Amino acid sequence: MLKLIKNAHVFAPEDLGIQSILIGGGQVLSIGDAIDCGSADVSVIDAAGMVAVPGFVDSLVHVLGGGGEGGFTTRTPEVQLSDVIQSGVTTLVGALGTDSVGRNLPALVCKTHELKAHGISAFFYTGSYHLPIDTLCGSIQKDLMYIEPCLGVGEVAIADHRGSQPSVRELARVASHARVGGMLSGKAGVVSIHVGPGEERLDLLHQVAEQTDVPLSAFYPTHINRDAELLAAGAVFAKQGGTIDLTTSSNPQSFAFGEIKCSKALKKLLSMGVSVDAITFSSDGHASLPEFNPDGSLNSLDVGCMRSLLDEVRDAVLDEGIPLEQAIQVITSTPAKTLSLHHKGQLKPGFDADVVLMKADSLEINDVICGGEVMMEKQHLLKKGRFE
Ligand code: ZN
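Residues numbered from 1 in each chain as written. Predicted model: local features only at pLDDT ≥ 70, side-chain atom pairs only at ≥ 80, totals over all residues. Heavy atoms only, no water.

Undergrad: Could you give me a rundown of a negative patch on the surface, with the residues and numbers involved?
TA: A surface patch of like charges, here negative, comprises Glu199, Glu200, Asp203 and Glu229. Tracing the chain through its elements places glutamate 229 in helix 6 (residues 228–239). (Patch = residues over 30% accessible without salt bridge, like charges linked within 9 Å, V, L, I, M, F, W, Y side chains within 5 Å. Areas by Shrake-Rupley, 256 points an atom, 1.4 Å probe, with all protein chains shown as cover. Salt bridge = Lys/Arg side-chain N within 4 Å of Asp/Glu carboxyl O. Lys, Arg positive; Asp, Glu negative; His and termini not counted. Charge placed at Lys NZ, Arg CZ, Asp CG, Glu CD. Helix = DSSP H or I, 4+ residues; strand = E, 2+ residues; numbered from the N terminus.)

As structure tokens, then:
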């Protein structure tokens, strides 16, 4: 059945003003102010007082849970379907983290398929924090070419005591394998990079670009709002052609250790002359948020939250004065482009019918439509996981 969203202020992400959006077959069919459906059977959603934006693209979620850095009782829980829908996320990329033993790639693929079966556009990165990259089919290229939801590699840890301390050559080889696998499979083939608190920051990525034929754009570094120095390094990286990712999940301890709130980091990057097209937010949902003492022992641990993705965009708009059409790009069109998801992240005819309706004044989520299916209506979840 066709669906017609009427009277919404549409941010596609560009501001299109008050429009109607016609949805059918899981796609946006047309956007206009006078859509005539003739005698067709149409279900109408009145979105007066709402803004309509593309469904959110969360480029890093620990769907299997993560953590464990403080022992087995500190393992974080798996993502549930309701976590995803209530966050307005319609597309996500799952990844392993520090623990690639207790959590592993076969389980990650199955979790990806579980979310896909529920109607979410779910993908994953092969590998983990560690080198050599563990794969499912024997090589990075095979994983990209044989496994449909595999988009790249990650999150490979640099500048972190929990990583494998990769060399320039090792990281270049991973990136080139991902790049070729991406070319051959028509996918992004990016390497998601976990950037830890080490003082070398993004140096290794620049060294790879300088010493080999691998460009900076092969890498998609995250946690760039970890501190002011890394944010400055991220600005340099972005101005040289890369895309940088900021992490929205945080806690008071993180801020005490110098982390910059995402909304403020976005404002700062824009004031430094970084193009908004080179900046994304991801939730790092269900990751652990550990804080370590100077001697490396664990101080505290929290769990990342997918809902922080919109919270930070909302704060960027309402507290920092960044226009919605700009701020919303960091969780819609820009991650979709970075991940080469060509039918995601924009409201346009032919794109997937992933739509979030939010109250225009508070930017609270009211409705979530994923692949044309209404999953949340008037703040009520219509769909949950089987065991929720
Ligand atoms: Zn990470």
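Undergrad: Describe the coordination of the zinc ion, with residues and values.
TA: Donor atoms from the polypeptide that coordinate the zinc ion comprise Glu155 (OE), His194 (ND1) and His223 (NE2), at 2.1 to 2.2 Å from the metal. Here the donor residues of the zinc ion share one chain and are spaced in sequence as E-x38-H-x28-H. Taken together, the positions of glutamate 155 in strand 9 (residues 150–158) and histidine 194 in strand 10 (residues 190–195) put the pair 39 residues apart, joining distant regions of the chain. Overall, the relative accessible area of 2% leaves histidine 194 in the buried class. (Donors = N, O, S within 2.8 Å, 3.2 Å for Na, K, Ca; no water. Buried < 20%, exposed > 50% of the residue type's maximum accessible area, 1.4 Å probe, protein only.)

Undergrad: If you had to explain the pairing of strand 9 to someone new, which residues and values would you point to?
TA: Among the 9 residues of strand 9, 9 are classified as buried, and the element is accordingly described as predominantly covered. Alignment of strand 8 (residues 121–126) against strand 9, held across 3 bridges, turns out to be parallel. Along strand 9, the bridge assignment pairs threonine 126 with valine 153. (Pairing = 2+ DSSP bridges.)

Undergrad: Tell me about helix 6, residues and numbers included.
TA: Taking 1.5 Å of rise per residue, 12 residues should cover 16 Å, and helix 6 covers 17 Å from first to last C-alpha, within 8% of that figure. Of all the residues in helix 6, the buried ones are Leu230, Leu231, Ala233, Gly234, Ala235, Phe237 and Ala238. Taken together, the buried residues of helix 6 touch strand 10, helix 5 (203–211), strand 11 (219–222), strand 12 (244–247) and helix 8 (262–271). Structurally, the start of helix 6 carries an N-cap: the backbone nitrogen of glutamate 229 is 3.2 Å from a side-chain oxygen of aspartate 227. (Expected span 1.5 Å × (residues − 1). Contact = heavy atoms within 4.5 Å. Polar contact = N/O pair within 3.5 Å; in protein donor to acceptor, adjacent residues only side chain to side chain.)

Undergrad: Give a detailed account of a nonpolar patch on the surface, specifying residues and quantitative values.
TA: Taken together, the side chains of Met145, Tyr146, Val180, Met183 and Leu184 define a hydrophobic patch exposed on the protein surface, amounting to about 550 Å² of accessible area. Of all the secondary structure elements, the ones that give two or more residues to the nonpolar patch are helix 3 (140–146) and helix 4 (168–185). No other element matches the 3 residues that helix 4 contributes to the nonpolar patch. Here methionine 183 shows up in helix 4.

Undergrad: Account for the side chain of serine 192, naming residues and giving values.
TA: Along the polypeptide, serine 192 turns up in strand 10. Overall, serine 192 belongs to the buried group, its relative accessible area being 3%. Beyond its immediate sequence surroundings of up to four residues, serine 192 is in contact with Tyr125, Val153, Gly154, Glu155, Val156 and Tyr220.

Undergrad: Hey, could you go over the pattern of salt bridges for me, with residue numbers and the actual values?
TA: Applying the stated criterion to the full structure yields 12 salt bridges. Two residues, glutamate 114 and lysine 111, come together in a salt bridge whose shortest N-O distance is 3.3 Å. Of the two residues, glutamate 114 and lysine 111 are both situated in helix 2 (residues 105–117); the distance of 3 residues between them amounts to about one turn of the helix. Between arginine 314 and aspartate 311 there is a salt bridge, with its nearest N and O atoms 2.9 Å apart. Here aspartate 311 and arginine 314 lie together in helix 9 (residues 308–318), a separation of 3 residues that amounts to about one turn. Judged by its relative accessible area of 17%, arginine 314 falls in the buried class. Classification of aspartate 311 by relative accessible area gives partly exposed; the value is 32%. Among the ionic contacts, a cluster of salt bridges with common partners joins Glu78, Lys111 and Glu114.

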